[in-house]
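These are the residues of each chain, in order.
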Amino acid sequence: MTAHTNVGVRLGALQPHLTALSELEVSETTTENLEGHDVVFLALPHGASAFWAEKLGPDVLVIDCGADFRLTSAEDWQKYYGGNHAGTWPYGLPELPGQREILAAAKRIAVPGCYPTGVTLALAPAVATDLTDGHDIVVVAASGTSGAGKAAKPHLLGSEVMGSVSAYSVGGTHRHIPEILQNLRALGADDPTMSFTPLLAPMPRGILSTCTVPLFPDVDDQLVRRAYQEFYTDEPFVKVLPEGQWPATAWVSGSNDVLLQVCVDAGTKRLVVVSAIDNLTKGTAGNAVQSMNIALGLPETTGLTMAAVAP
């Protein structure tokens, strides 16, 4: 375990819930401390991962939880993040068609963002099975405060958040938009378009995404449900709920699960998909461990729970 400002601090003082590792002392992030390991996870500010990745040899499995290597387009990187594009690594979302084979041979993996995980998995069956062309997608997604990190920020104080929901990065400005569209193109959408509005909800963790998109004329409820059930039938972490039961973030808290529900809005002929994930597990760390397991040839579910801690 390495860090920058917390060098020399006991891990138990920073993460007291990790009782088995509480006496571990945080080391300085140096090449000497990182090299020689089988796996290195990078959890750094945007733009900082490339430097350390270059220091590690080709035999080390490097998994980046930041955004540096997610995007294939240098133009998108410069527009939404700024600076030089570091490149593109295999994408750590195993549920995308063909992705497990890519990850199994990878030594560098870019873990998806939390919103792209929930939205991509909500829309993937509809796009991949030609229920829609991906035009005019509308997504409203509510996230807990942990999505903004641990730094103290006035608008994330309990007194500011409790009893209030607010929108942010409105009008196509959120950094995860190009990542979601990139995923939809990989699934078969020629020119997807999306209006994405994120919400800050008064909860510590979880993301609930409501996604709607126009359907082709002959698509009905039964066809949609069958497509989703078949697409995810062998997935250990993605579950399509029984008809009429809608996901809630509490049902995935602490687990690597993705809960989905689908229906067709008959009045507008739009597909409605709601997904629930825990942004701190399947949204980031869970995806990282899941991808690591595949790359190392371990059972994919190793170390990952499919049982939430609440309710």
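Predicted, not measured: the structure shown is a model, and the values here were computed from it.

### Examining the environment of Tyr-168
Here Tyr-168 is to be found in the loop between strand 7 (166-167) and helix 8 (177-186). The partly exposed category is assigned to Tyr-168, whose relative accessible area is 31%. Expressed as a C-alpha distance, the spacing of Tyr-168 and Pro-202, which sit 34 residues apart in the sequence, is 14 Å. If sequence neighbours within four positions are ignored, Tyr-168 has contacts with Tyr-115, His-174, Pro-198, Leu-199 and Leu-200. Of the polar contacts made by the side chain of Tyr-168, one reaches the side chain of Tyr-115; its length is 2.7 Å.

### Observations concerning unusual backbone geometry
Although it is not a glycine, Ser-169 sits at a positive phi angle of roughly 45°. With respect to the helices and strands, the residue Ser-169 is situated in the loop between strand 7 and helix 8. Taking relative accessible area as the criterion, Ser-169 reaches 28% and is therefore assigned partly exposed. Despite not being glycine, Lys-269 shows a phi value in the positive range, around 55°. Mapped onto the elements, Lys-269 comes out in the loop between strand 11 (258-265) and strand 12 (270-277). Overall, the relative accessible area of 28% leaves Lys-269 in the partly exposed class.

### Notes on the state of the cysteines
Counted by the stated rule, this structure contains zero disulfides. Counting only cysteine sulfurs, Cys-114 is the nearest neighbor of Cys-65, a cysteine outside any disulfide, at a range of 12 Å. The exposure class assigned to Cys-65 is buried, which follows from its relative accessible area of 18%. Take Cys-263: it sits in no disulfide, and the sulfur closest to it among the cysteines is that of Cys-211, at 12 Å.

### A few points about helix 6 (residues 114-128)
Look at helix 6: 21 Å from first C-alpha to last across 15 residues, which is about the 21 Å you get at 1.5 Å a residue. Ala-122 marks where helix 6 bends most, by close to 35°; the proline Pro-125 follows one to four residues later. Across the 15 residues of helix 6, 14 count as buried, placing the element largely inside the fold. Downstream of helix 6 by a residue or two, Asp-130 has a phi angle that is positive, lying close to 60°.

### Digging into helix 8
Along helix 8, eight of the ten residues are buried, which leaves the element largely enclosed by surrounding structure. Of the residues making up helix 8, those classed as buried are Ile-177, Pro-178, Glu-179, Ile-180, Leu-181, Gln-182, Asn-183 and Leu-184. Close packing links the buried residues of helix 8 with helix 4 (74-80), helix 6, strand 6 (137-143) and strand 8 (194-200). Immediately downstream of helix 8, the backbone of Gly-188 shows phi near 125°, a positive value.

### Digging into the pattern of salt bridges
Tallied over the entire structure, the rule returns nine salt bridges. We note a salt bridge from Glu-95 to Lys-282, for which the minimum N-O separation is 3.0 Å. Linking Glu-95 in the loop between helix 4 and helix 5 (99-104) with Lys-282 in helix 10 (residues 281-296), this pair joins segments that are 187 residues apart in sequence. Overall, the relative accessible area of 0% leaves Lys-282 in the buried class. Taking the shortest distance from any N to any O, the salt bridge between Arg-100 and Glu-235 comes out at 2.6 Å. Residue Arg-100 is found in helix 5, and its partner Glu-235 is found in the loop between helix 9 (221-231) and strand 10 (238-240); the two are separated by 135 residues along the sequence. Exposure remark for Arg-100: the relative accessible area of 24% places this residue in the partly exposed category.

### What to know about the packing of aromatic side chains
Going through the model one piece at a time under the given rule, you end up with five aromatic pairs. Ring geometry for Tyr-115 against Phe-196: centres 5.2 Å apart, planes inclined by 75°, an arrangement best described as edge-to-face. Of this pair, Tyr-115 sits in helix 6 while Phe-196 sits in strand 8, placing them 81 residues apart in sequence. Here the two residues Tyr-115 and Phe-196 agree in accessibility, since each one is buried. Note on Phe-231 and Tyr-232: the rings are 5.0 Å apart at their centroids and 85° apart in plane angle, and the pair reads as edge-to-face. With a relative accessible area of 22%, Phe-231 lands in the partly exposed category.

### Focus: the sheet that holds strand 7
Strand order in this open sheet of seven strands is 7-8-6-9-12-11-10, and the pairing throughout is mixed. Looking at which strands have only one partner, the edges of the open sheet turn out to be strand 7 and strand 10. In this structure, strand 6 lies alongside strand 9 (residues 207-214), joined through six bridges in antiparallel fashion. Paired with Val-138 across the strands is Thr-212, a residue of strand 9.

### Quick look at the sheet that holds strand 3 (residues 39-42)
The strands making up a sheet are joined through hydrogen bonds of the backbone, oriented either antiparallel or parallel. Spatially, 3-4-5 is the arrangement adopted by the three strands of the open sheet, whose pairing is parallel. This sheet does not close on itself; its edge strands, each paired only once, are strand 3 and strand 5 (108-110). Adjacent strand axes in the sheet meet at a mean angle of 15° when their direction is disregarded. Direction of pairing for strand 4 (residues 61-64) relative to strand 5: parallel, over a ladder of three bridges. If you follow Val-62 over to strand 5, its bridge partner there is Arg-108.

Scoring rules and cut-offs
- Residues numbered from 1 in each chain as written.
- Predicted model: local features only at pLDDT ≥ 70, side-chain atom pairs only at ≥ 80, totals over all residues.
- Heavy atoms only, no water.
- Helix = DSSP H or I, 4+ residues; strand = E, 2+ residues; numbered from the N terminus.
- Buried < 20%, exposed > 50% of the residue type's maximum accessible area, 1.4 Å probe, protein only.
- Contact = heavy atoms within 4.5 Å.
- Polar contact = N/O pair within 3.5 Å; in protein donor to acceptor, adjacent residues only side chain to side chain.
- Disulfide = S-S within 2.5 Å.
- Expected span 1.5 Å × (residues − 1).
- Bend = angle between axes of the 7 residues up to and from the residue.
- Salt bridge = Lys/Arg side-chain N within 4 Å of Asp/Glu carboxyl O.
- Phe/Tyr/Trp six-rings, centres within 6.5 Å; stacked < 30°, edge-to-face > 60°.
- Pairing = 2+ DSSP bridges.
- Axes fitted to C-alpha atoms, helices over the stretch in contact; angles between N-to-C directions.

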